[in-house]
Amino acid sequence: MSTYDKIREIETEMARTQKNKATAYHLGTLKAKLAKLRRELIAPAKSGGGTGEGFDVAGTGVARVGFIGFPSVGKSTLMSKMTGTFSEVSEVEFTTLTTVPGVLHYKGAKIQILDLPGIIEGAKDGKGRGRQVIAVARTCSLIFLVLDVLKPLTHKAVIERELESVGIRLNKEPPNIVFRKKDKGGINMTSTVNLTNLDQDIVRSVLSEYRIASADISFRCDATVDDLIDVIEGNRVYIPAVYVLNKIDQISIEELDLVYKIPHAVPISAHHEWNFDELLEKMWEYLNLVRIYTKPKGMLPDYSAPVVLKKDRSAVSDFCNAIHRGILKEFSHALVWGNSVKHNPQKVGKEHVLLDEDVVSIAKRK
C-alpha cells in the first residue's frame with residue numbers, strides 16, 4: 001500500500017471515530033501515525049532531480065512574503081502592481097508555473113515578494129506542483145493568502161488545511177512544551193497548568209507510536225494532542241499570515257462590512273489598487289520589523305537608509321552586525337535617541353534593545 005493510500009485510510013478512520021474521552025487514546029495514536037506518514041510525503045526526494053526548475057529562489061532583503069492562493073485569484077496582478085515585477089496574468093488557471101520573485105521597497109526596507117504557483121486541494125499529497133509550492137512557503141517570513149472574494153470562503157479553509165498538513169502553522173505561537181528524550185528512566189510528565197485535553201495514557205500512546213520509551217515532558221500550556229505531536233516532530237514552522245480578499249470592486253458595501261469581520265483579513269482590489277495602504281501597513285505590522293537610523297559622529301542622522309531589524313533581534317549588537325561584523329570588536333558604547341531610552345541621548349551597551357525609529361551613534365574603543 002502506498003503512503004497516499006495509508007494516509008487516506010487513517011483520515012477515513014479518524015473521520016468515522018467519534019471524539020470523546022473514550023476514543024481520545026485511539027485518536028491520539030492515529031494522529032501520530034498520520035504525522036509520520038505526512039513527514040515521509042513532504043520530505044525532499046533523495047533522487048530524481050531536485051525540487052523542480054524555477055522554484056526556490058535566492059533570498060534578498062530583510063524579509064520574504066509569499067503569495068499563496070488558488071489559481072486565478074489575482075496574485076500575479078497584485079504582485080505586478082506592488083513591485084512592478086511582471087508575472088503573467090490570465091483568466092486561465094495555472095498561468096504561473098514557477099516562483100516569480102519581486103522586490104518591494106517599503107519604509108526603507110527591501111522586502112522580497114514571491115508569487116507562487118496556484119495551490120490546489122491535495123497539494124500536500126504532491127498533486128500539481130503542490131509539494132514545491134509548500135517547500136518555498138515554509139521559508140517565508142509572512143504569507144499572503146490571496147482569496148477571490150466572489151468565491152466560497154471554503155477556499156480559505158482548504159488552503160489552511162493544506163498548509164497545516166505539511167507543518168505550516170498560521171498565526172500561531174509554538175506550544176509551550178519542553179520535551180527531552182532520554183536513554184533510560186521512563187516517561188516523566190509534569191505540568192504547570194491543568195491539562196484538559198491530555199492525560200498520561202494519551203501522552204504514552206503518542207510516544208509509543210514514535211518508539212520513545214524514556215523522556216522528560218513539561219507542559220506549560222493546556223496542550224492538545226496536535227501540540228504534542230508538533231513538538232515531537234520538531235519540524236513545524238510558525239508563520240504569520242494575512243488573508244488578502246481580492247476583487248472587492250465587484251461586491252456591495254454591505255458585503256464589504258462582512259469581509260472586514262474576518263480575522264487577519266484585508267479587503268483589496270488589485271486591479272484598481274484599492275486599499276493597498278492598509279495592506280502594506282498590515283504587512284509591516286505582521287513582519288515585526290523596526291527601523292534604526294544611523295548617526296555618524298558630528299553629523300546629522302541619516303533618515304534616508306534605515307537599518308531594518310527584526311523586533312525580537314534588535315539589540316545594539318544586532319544593529320552593529322547588520323552594518324558590519326567587525327564593528328563589535330572595536331565597540332565601546334552607543335548613544336541612542338528615541339523611545340527605547342529615558343534621556344536623549346543616552347549612553348548604552350551592546351545588550352540594549354532598540355525600538356522603531358531610534359537613532360544610534362556608535363563609539364569605538366580608543
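Criteria and cut-off values
Residue numbers run consecutively from 1 along every chain, following the written order of its sequence. Under the rules for a predicted model, residues below a pLDDT of 70 receive no local features and side-chain atom pairs below 80 are neither given nor counted, while totals for whole chains, interfaces and linings still include all residues. Each side-chain value is derived from all of the structure's non-hydrogen atoms; neither hydrogens nor water enter the calculation. Criterion used throughout: strands pair if DSSP finds at least two bridges between them. Only runs of H or I of at least four residues qualify as helices and only runs of E of at least two qualify as strands under DSSP, and these elements are numbered from the N terminus. Centres within 6.5 Å are what make two rings of Phe, Tyr or Trp a pair, Trp counting through its six-membered ring; a difference in plane orientation under 30 degrees is then read as stacked, over 60 as edge-to-face, and the rest as tilted. Burial classification: accessible surface area is computed with a 1.4 Å probe over protein chains only, and a residue below 20% of its type maximum counts as buried, one above 50% as exposed, and the rest as partly exposed. Any pair of nitrogen or oxygen atoms within 3.5 Å is treated as a polar contact; in protein, a donor-acceptor pairing is required on top of that, and neighbouring residues in sequence qualify only through side-chain atoms on both sides. What pLDDT reports is the predictor's confidence in each residue, on a scale of 0 through 100. In this analysis, two residues are considered to be in contact whenever any of their non-hydrogen atoms come within 4.5 Å of each other. Only C-alpha atoms enter the line fits that serve as axes; for helices the fit covers just the stretch in contact. Angles between N-to-C directions range over 0 to 180 degrees.

As recorded in an unreviewed UniProt entry, the protein goes by the name GTP-binding protein rbg1, listed as coming from Coemansia interrupta.

A. Focus on the pairing of strand β16 (residues 358–364). Alignment of strand β12 (residues 289–294) against β16, held across three bridges, turns out to be parallel. Note that in β16 the partner of Thr294 across the bridge is Val360.

B. Here's a closer look at the environment of Lys182. Mapped onto the secondary structure, Lys182 falls in the loop between β6 (177–181) and β7 (187–191). The sequence separation of Lys182 and Ala215 amounts to 33 residues, and the corresponding C-alpha distance is 5.0 Å.

C. Focus on the packing of aromatic side chains. All told, the structure shown has three aromatic pairs when counted by the stated rule. Residues Phe67 and Phe144 carry aromatic rings whose centres are separated by 5.5 Å and whose planes lie at 20 degrees to one another, so their mutual orientation is stacked. Of the two residues, Phe67 is situated in strand β1 (residues 63–68) and Phe144 in strand β4 (residues 142–148); the sequence distance between them amounts to 77 residues. Neither residue differs from the other here; Phe67 and Phe144 are each classed as buried. Aromatic side chains Tyr106 and Trp284 sit 6.0 Å apart centroid to centroid with 70 degrees between the ring planes, which places their arrangement in the edge-to-face category.

D. How the structure looks around helix α6 (residues 200–209). Among all positions of α6, only Ile202, Val203, Ser205, Val206, Leu207 and Glu209 are buried. Its side-chain oxygen placed 3.1 Å from the backbone nitrogen of Asp201, Asp199 serves as the N-cap of α6. A positive phi of about 55 degrees marks Arg211, the residue just after α6.

E. How the structure looks around the confidence of the model for the protein. Residues of the protein with pLDDT of at least 70 account for 87%, and the chain-wide mean is 87. Counting interchain partners and residues more than four positions distant, the pLDDT-below-50 stretch residues 45–54 has six contacts. Note that pLDDT drops below 50 for residues 89–97; the model gives that stretch 23 contacts with residues more than four away or on any other chain.

F. Seen up close, helix α7 (residues 225–233). Taken as a whole, α7 has its buried residues at Val225, Leu228, Ile229, Asp230, Ile232 and Glu233. Phi turns positive one or two residues past the end of α7, at Gly234, with a value near 70 degrees.

G. Region of interest: the side chain of Thr17. Topologically, Thr17 is positioned in the loop between α1 (3–16) and α2 (24–42). If near-sequence neighbours (up to four positions away) are discounted, Thr17 is found in contact with Thr23, His26 and Leu27.

H. Quick look at the sheet that holds β7. Taken in spatial order, the three strands make up an open sheet running β6-β8-β7, and their pairing is mixed. Each edge of the sheet is formed by a strand with only one pairing partner; in this case those strands are β6 and β7. Ignoring which end each strand starts from, the neighbouring axes of this sheet average 5 degrees apart. When β7 meets strand β8 (residues 215–219), the two strands line up parallel, connected through five bridges. Bridge pairing in β8 links Met189 to Ile217. Here α6 sits on the sheet and contacts β6, β7 and β8; the angle it forms with β7, its principal contact strand, is near 130 degrees. In the packing of α7 onto the sheet, contacts are made with β6 and β8, and the angle to β6 comes to roughly 45 degrees.

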